[in-house]
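Spelled out from the first residue to the last, the chains are:
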Amino acid sequence: MQVVKVKDITIGEGRPKICVPLVGRSVEELVAEAQYINALAIDVVEWRVDFFEKVDQLASVSEALASIRAIIQDVPLIFTFRTAQEGGEREISVSDYVALNKTIIRTGLIDLVDVELFLDKTAVKELIDEAHQHQVFVIVSNHDFTKTPDKEEIVSRLKQAQAIGADIPKIAVMPRNRTDVLTLLDATLTMHQQFADRPIITMSMAGQGVISRLAGEVFGSAITFAAAKKASAPGQVSVDDLRHSLELLHQGFVG
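Owing to the predicted nature of the structure, the values given are computational and were not obtained by experimental measurement.

**Q** Tell me about the layout of surface pockets, residues and numbers included.
**A** One number sums up the size of the largest pocket: a volume of about 170 Å³. Forming the boundary of the largest pocket are 16 residues, of which Gly12, Glu13, Gly14, His192 and Gly220 lie nearest the centre.

Okay, structure coming up:
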(Lines give C-alpha, C1' and ligand atoms only; values in the text may rest on other atoms or scores of the structure.)
Protein backbone atom coordinates (compact mmCIF):
# COMPACT_ATOMS: atom_id res chain seq x y z
CA MET A 1 0.00 0.00 0.00
CA GLN A 2 1.42 3.33 -1.07
CA VAL A 3 0.90 6.41 1.09
CA VAL A 4 0.61 10.04 0.05
CA LYS A 5 3.01 12.31 1.92
CA VAL A 6 2.08 15.99 1.80
CA LYS A 7 4.12 18.40 3.90
CA ASP A 8 4.16 16.76 7.36
CA ILE A 9 1.02 14.69 6.80
CA THR A 10 1.01 11.04 5.69
CA ILE A 11 -2.32 10.06 4.13
CA GLY A 12 -3.02 6.35 4.22
CA GLU A 13 -1.29 5.62 7.50
CA GLY A 14 -2.69 5.64 11.04
CA ARG A 15 -5.96 7.32 11.86
CA PRO A 16 -7.90 9.11 9.11
CA LYS A 17 -6.72 12.64 8.52
CA ILE A 18 -9.18 15.45 9.23
CA CYS A 19 -9.98 17.82 6.37
CA VAL A 20 -11.93 21.04 6.83
CA PRO A 21 -13.48 23.00 3.93
CA LEU A 22 -13.21 26.71 3.18
CA VAL A 23 -16.54 27.87 1.76
CA GLY A 24 -16.32 31.68 1.88
CA ARG A 25 -17.91 33.63 -0.95
CA SER A 26 -15.52 36.58 -0.76
CA VAL A 27 -11.82 37.02 -0.10
CA GLU A 28 -12.65 38.60 3.25
CA GLU A 29 -14.74 35.59 4.27
CA LEU A 30 -12.07 33.18 3.08
CA VAL A 31 -9.34 34.97 5.03
CA ALA A 32 -11.47 34.96 8.19
CA GLU A 33 -12.22 31.24 7.71
CA ALA A 34 -8.57 30.42 7.09
CA GLN A 35 -7.51 32.28 10.23
CA TYR A 36 -10.14 30.45 12.27
CA ILE A 37 -9.24 27.05 10.83
CA ASN A 38 -5.54 27.67 11.32
CA ALA A 39 -6.08 27.61 15.08
CA LEU A 40 -7.82 24.21 14.99
CA ALA A 41 -6.22 20.78 15.24
CA ILE A 42 -6.69 19.73 11.62
CA ASP A 43 -4.58 17.92 9.04
CA VAL A 44 -5.80 19.15 5.64
CA VAL A 45 -7.77 22.11 4.25
CA GLU A 46 -10.00 21.98 1.17
CA TRP A 47 -10.89 25.17 -0.68
CA ARG A 48 -14.33 24.63 -2.20
CA VAL A 49 -13.87 27.27 -4.85
CA ASP A 50 -17.36 26.73 -6.34
CA PHE A 51 -18.62 28.82 -3.39
CA PHE A 52 -16.36 31.75 -4.36
CA GLU A 53 -18.26 34.64 -5.94
CA LYS A 54 -15.48 35.44 -8.44
CA VAL A 55 -14.69 31.88 -9.48
CA ASP A 56 -15.18 32.80 -13.13
CA GLN A 57 -12.27 35.27 -12.90
CA LEU A 58 -9.02 33.31 -12.96
CA ALA A 59 -6.90 36.21 -11.69
CA SER A 60 -9.24 36.71 -8.73
CA VAL A 61 -9.14 33.00 -7.89
CA SER A 62 -5.33 33.04 -7.96
CA GLU A 63 -5.21 36.13 -5.74
CA ALA A 64 -7.64 34.61 -3.25
CA LEU A 65 -5.57 31.43 -3.21
CA ALA A 66 -2.43 33.41 -2.42
CA SER A 67 -4.24 35.02 0.52
CA ILE A 68 -5.33 31.61 1.83
CA ARG A 69 -1.91 30.07 1.38
CA ALA A 70 -0.25 32.93 3.27
CA ILE A 71 -2.32 31.96 6.33
CA ILE A 72 -2.27 28.16 6.18
CA GLN A 73 1.34 27.85 5.10
CA ASP A 74 2.12 24.47 6.63
CA VAL A 75 -1.19 22.66 6.07
CA PRO A 76 -1.83 20.58 2.94
CA LEU A 77 -4.35 22.35 0.70
CA ILE A 78 -6.85 20.69 -1.66
CA PHE A 79 -8.32 22.77 -4.50
CA THR A 80 -11.85 21.67 -5.43
CA PHE A 81 -14.46 22.96 -7.83
CA ARG A 82 -17.46 20.73 -7.13
CA THR A 83 -19.79 20.77 -10.14
CA ALA A 84 -23.54 21.23 -9.75
CA GLN A 85 -24.27 17.70 -10.96
CA GLU A 86 -22.18 16.34 -8.07
CA GLY A 87 -23.63 18.60 -5.39
CA GLY A 88 -21.63 21.79 -6.00
CA GLU A 89 -22.75 25.38 -6.04
CA ARG A 90 -22.79 26.11 -9.78
CA GLU A 91 -22.59 24.83 -13.32
CA ILE A 92 -19.37 25.02 -15.31
CA SER A 93 -18.37 23.98 -18.81
CA VAL A 94 -15.72 21.31 -19.24
CA SER A 95 -13.39 23.79 -20.94
CA ASP A 96 -13.74 26.30 -18.07
CA TYR A 97 -13.27 23.54 -15.50
CA VAL A 98 -10.05 22.47 -17.19
CA ALA A 99 -8.79 26.05 -17.56
CA LEU A 100 -9.51 26.85 -13.91
CA ASN A 101 -7.80 23.77 -12.55
CA LYS A 102 -4.79 24.07 -14.86
CA THR A 103 -4.30 27.69 -13.85
CA ILE A 104 -4.32 26.83 -10.17
CA ILE A 105 -2.16 23.73 -10.54
CA ARG A 106 0.50 25.90 -12.17
CA THR A 107 0.59 28.42 -9.30
CA GLY A 108 2.52 26.04 -7.08
CA LEU A 109 0.25 27.04 -4.18
CA ILE A 110 -1.80 23.85 -3.82
CA ASP A 111 -0.83 20.35 -2.75
CA LEU A 112 -3.78 18.35 -4.05
CA VAL A 113 -6.49 18.91 -6.65
CA ASP A 114 -9.90 17.22 -6.83
CA VAL A 115 -10.93 16.03 -10.31
CA GLU A 116 -14.36 14.49 -10.88
CA LEU A 117 -14.33 10.95 -12.27
CA PHE A 118 -17.34 11.34 -14.55
CA LEU A 119 -16.21 14.54 -16.20
CA ASP A 120 -15.12 14.17 -19.83
CA LYS A 121 -12.56 11.33 -19.81
CA THR A 122 -10.04 13.22 -21.92
CA ALA A 123 -10.27 16.22 -19.60
CA VAL A 124 -9.79 14.05 -16.52
CA LYS A 125 -6.64 12.46 -17.91
CA GLU A 126 -5.36 15.86 -19.06
CA LEU A 127 -5.76 17.32 -15.57
CA ILE A 128 -4.16 14.32 -13.89
CA ASP A 129 -1.15 14.59 -16.18
CA GLU A 130 -0.93 18.35 -15.63
CA ALA A 131 -1.08 17.95 -11.86
CA HIS A 132 1.58 15.28 -11.77
CA GLN A 133 3.88 17.39 -13.94
CA HIS A 134 3.67 20.08 -11.23
CA GLN A 135 4.03 17.70 -8.25
CA VAL A 136 0.38 18.09 -7.26
CA PHE A 137 -1.44 15.00 -6.00
CA VAL A 138 -4.84 14.15 -7.49
CA ILE A 139 -8.04 13.06 -5.77
CA VAL A 140 -10.37 11.57 -8.39
CA SER A 141 -13.86 11.79 -6.93
CA ASN A 142 -17.48 10.83 -7.42
CA HIS A 143 -20.45 12.09 -5.41
CA ASP A 144 -23.98 10.68 -5.50
CA PHE A 145 -26.38 12.91 -3.56
CA THR A 146 -29.48 10.86 -4.38
CA LYS A 147 -28.65 7.28 -3.47
CA THR A 148 -26.12 4.63 -2.51
CA PRO A 149 -25.14 2.40 -5.45
CA ASP A 150 -24.70 -1.29 -4.76
CA LYS A 151 -21.41 -2.58 -3.39
CA GLU A 152 -20.08 -3.75 -6.75
CA GLU A 153 -20.71 -0.34 -8.34
CA ILE A 154 -19.01 1.54 -5.51
CA VAL A 155 -15.96 -0.70 -5.78
CA SER A 156 -16.02 -0.35 -9.57
CA ARG A 157 -15.96 3.45 -9.40
CA LEU A 158 -13.07 3.45 -6.95
CA LYS A 159 -11.17 1.02 -9.17
CA GLN A 160 -11.84 3.26 -12.19
CA ALA A 161 -10.41 6.24 -10.34
CA GLN A 162 -7.34 4.24 -9.35
CA ALA A 163 -6.83 2.93 -12.89
CA ILE A 164 -7.01 6.38 -14.47
CA GLY A 165 -4.19 7.63 -12.25
CA ALA A 166 -5.72 9.02 -9.05
CA ASP A 167 -3.34 9.29 -6.14
CA ILE A 168 -6.43 9.05 -3.93
CA PRO A 169 -9.74 7.66 -5.26
CA LYS A 170 -12.81 9.10 -3.51
CA ILE A 171 -16.53 8.38 -3.39
CA ALA A 172 -19.34 9.91 -1.32
CA VAL A 173 -22.88 8.54 -1.41
CA MET A 174 -26.26 9.33 0.11
CA PRO A 175 -27.90 6.68 2.31
CA ARG A 176 -31.63 6.11 2.27
CA ASN A 177 -31.47 3.73 5.22
CA ARG A 178 -28.98 2.10 7.56
CA THR A 179 -28.43 -0.79 5.18
CA ASP A 180 -27.03 1.69 2.65
CA VAL A 181 -24.44 2.80 5.22
CA LEU A 182 -23.39 -0.83 5.69
CA THR A 183 -23.13 -1.17 1.90
CA LEU A 184 -20.71 1.76 1.74
CA LEU A 185 -18.61 0.40 4.61
CA ASP A 186 -18.53 -3.10 3.11
CA ALA A 187 -17.47 -1.70 -0.26
CA THR A 188 -14.77 0.38 1.44
CA LEU A 189 -13.35 -2.64 3.23
CA THR A 190 -13.38 -4.76 0.07
CA MET A 191 -11.66 -2.06 -1.98
CA HIS A 192 -9.10 -1.43 0.74
CA GLN A 193 -8.25 -5.10 1.31
CA GLN A 194 -8.51 -6.51 -2.19
CA PHE A 195 -7.91 -3.83 -4.82
CA ALA A 196 -6.43 -0.58 -3.49
CA ASP A 197 -2.70 0.00 -3.71
CA ARG A 198 -3.04 3.58 -2.48
CA PRO A 199 -5.20 5.55 0.01
CA ILE A 200 -8.92 5.86 -0.66
CA ILE A 201 -11.61 8.18 0.70
CA THR A 202 -15.20 7.03 1.18
CA MET A 203 -18.17 8.36 3.08
CA SER A 204 -21.87 7.93 3.55
CA MET A 205 -23.43 11.38 3.88
CA ALA A 206 -26.13 12.93 6.09
CA GLY A 207 -26.99 11.97 9.65
CA GLN A 208 -27.33 8.26 9.00
CA GLY A 209 -23.87 8.14 7.46
CA VAL A 210 -21.95 9.83 10.29
CA ILE A 211 -20.50 6.49 11.42
CA SER A 212 -18.64 6.29 8.10
CA ARG A 213 -16.87 9.56 8.92
CA LEU A 214 -15.66 8.11 12.21
CA ALA A 215 -14.75 4.53 11.31
CA GLY A 216 -12.39 5.08 8.39
CA GLU A 217 -9.42 3.48 10.10
CA VAL A 218 -11.41 0.29 10.66
CA PHE A 219 -12.76 0.00 7.11
CA GLY A 220 -10.03 1.72 5.07
CA SER A 221 -10.91 5.37 4.39
CA ALA A 222 -7.90 7.66 4.79
CA ILE A 223 -9.46 11.16 5.06
CA THR A 224 -12.60 12.34 6.79
CA PHE A 225 -14.25 15.75 6.45
CA ALA A 226 -15.31 17.98 9.34
CA ALA A 227 -17.01 21.34 9.63
CA ALA A 228 -15.31 24.36 11.18
CA LYS A 229 -18.18 26.83 10.97
CA LYS A 230 -20.23 25.95 7.88
CA ALA A 231 -20.43 22.43 6.47
CA SER A 232 -19.76 21.83 2.78
CA ALA A 233 -21.71 18.54 2.73
CA PRO A 234 -24.51 17.00 4.82
CA GLY A 235 -23.39 15.03 7.85
CA GLN A 236 -20.14 16.81 8.62
CA VAL A 237 -19.47 17.05 12.36
CA SER A 238 -17.33 19.53 14.27
CA VAL A 239 -13.56 19.22 14.26
CA ASP A 240 -13.29 18.71 18.03
CA ASP A 241 -15.98 16.02 18.16
CA LEU A 242 -14.50 14.25 15.17
CA ARG A 243 -10.94 14.24 16.47
CA HIS A 244 -12.05 12.93 19.86
CA SER A 245 -13.98 10.08 18.23
CA LEU A 246 -11.14 9.22 15.85
CA GLU A 247 -8.66 9.05 18.71
CA LEU A 248 -10.93 6.74 20.72
CA LEU A 249 -11.37 4.41 17.77
CA HIS A 250 -7.66 4.56 16.95
CA GLN A 251 -6.69 3.53 20.47
CA GLY A 252 -9.07 0.59 20.32
CA PHE A 253 -8.08 -0.42 16.80
CA VAL A 254 -4.31 -0.45 17.35
CA GLY A 255 -4.58 -1.71 20.89
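There is more to say after this.
**Q** Describe the packing of aromatic side chains, naming the residues involved and giving the relevant values.
**A** In total, this model carries 3 aromatic pairs according to the counting rule given. Plain terms: the ring middles of Trp47 and Phe52 are 5.7 Å apart, the flat faces sit at 65° to each other, and that makes the pair edge-to-face. Among the residues examined, Trp47 registers a relative accessible area of 0% and is labelled buried. In this structure Phe52 comes out as buried when scored by relative accessible area, which is 1%. Among the aromatic side chains, those forming a connected cluster through ring pairs are Trp47, Phe52 and Phe79. Stacked on the ring of Phe195, the Lys or Arg Lys159 has its end atom at 4.2 Å from the ring centre.

**Q** Summarise empty space enclosed by the protein; cite the residues concerned and give the values.
**A** In total, this model carries 2 cavities of 30 Å³ or more according to the counting rule given. In this structure, the second largest cavity spans a volume of roughly 30 Å³. Every residue along the wall of the second largest cavity is listed here: Thr202, Met203, Ser212, Arg213, Gly216, Ser221, Ile223, Thr224 and Phe225. Only β9 (201–204), α7 (210–214) and β10 (223–227) provide two or more residues apiece to the lining of the second largest cavity. In terms of residue count, β10 provides more of the lining of the second largest cavity than any other element does, 3 residues in total.

**Q** Any chance you could break down unusual backbone geometry for me, citing the residues and the numbers?
**A** Positive phi outside glycine occurs at Gln135, with the angle close to 55°. Mapping Gln135 onto the fold places it in the loop between α4 (121–133) and β7 (137–144). Taking the relative accessible area as the measure of exposure, Gln135 reaches 63% and is therefore exposed. Even without being glycine, Ala206 reaches a positive phi, approximately 65°. Here Ala206 shows up in the loop between β9 and α7.

**Q** Break down the environment of Val113 for me, with residues and values.
**A** One can find Val113 in strand β6 (residues 112–116). A sequence separation of 71 residues divides Val113 from Leu184, and the C-alpha atoms of the two residues are 24 Å apart. In contact with Val113, other than residues within four places in its own chain, are Phe79, Asn101, Ile105, Ala131, Val136, Phe137, Val138 and Ile139.

**Q** Give a detailed account of the environment of Val218, specifying residues and quantitative values.
**A** Counting through the fold element by element, Val218 comes out in helix α8 (residues 216–219). Residue Val218 is classed as partly exposed on the basis of its relative accessible area of 35%. C-alpha of Val218 to C-alpha of Gly252: the two residues are 34 residues apart in sequence and 10.0 Å apart in space. Dropping the residues within four chain positions of it, Val218 is found in contact with Leu189 and Phe253.

**Q** Give a description of the side chain of Asp180 that names residues and reports values.
**A** For Asp180, the position within the fold is in helix α6 (residues 178–195). No salt bridge forms around the buried Asp180; measuring N to O, its nearest opposite-charge neighbour Arg176 is 5.5 Å away.

**Q** Tell me about the UniProt feature "active site" (unreviewed entry) in the protein chain, and please be specific about residues and values.
**A** Here the UniProt-annotated "active site" (unreviewed entry) positions come out as His143 and Lys170. These annotated residues cover 28 residues of sequence, and their C-alpha atoms all fall within 8.4 Å of one another, placing them together at a single site. Mapped onto the elements of the fold, His143 is located in strand β7. Leave out the neighbours within four places in its chain, and His143 touches Arg82, Glu86, Lys170 and Ala172. Among the structural elements, Lys170 can be located in strand β8 (residues 168–173). Since its relative accessible area comes to 7%, Lys170 is described here as buried.

Cut-offs used in this document
- Residues numbered from 1 in each chain as written.
- Predicted model: local features only at pLDDT ≥ 70, side-chain atom pairs only at ≥ 80, totals over all residues.
- Heavy atoms only, no water.
- 1 Å grid on protein atoms, 1.4 Å probe; cavity = no way out; pocket = protein on both sides within 12 Å on 5 of 7 lines; lining within 4 Å.
- Points joined across faces, edges and corners; volume = space filled by probe spheres on them.
- Phe/Tyr/Trp six-rings, centres within 6.5 Å; stacked < 30°, edge-to-face > 60°.
- Buried < 20%, exposed > 50% of the residue type's maximum accessible area, 1.4 Å probe, protein only.
- Lys NZ or Arg CZ within 6 Å of the ring centre and 35° of its normal.
- Helix = DSSP H or I, 4+ residues; strand = E, 2+ residues; numbered from the N terminus.
- Contact = heavy atoms within 4.5 Å.
- Lys, Arg positive; Asp, Glu negative; His and termini not counted.
- Salt bridge = Lys/Arg side-chain N within 4 Å of Asp/Glu carboxyl O.
- UniProt positions renumbered as here; feature names shortened; annotations may be inferred.

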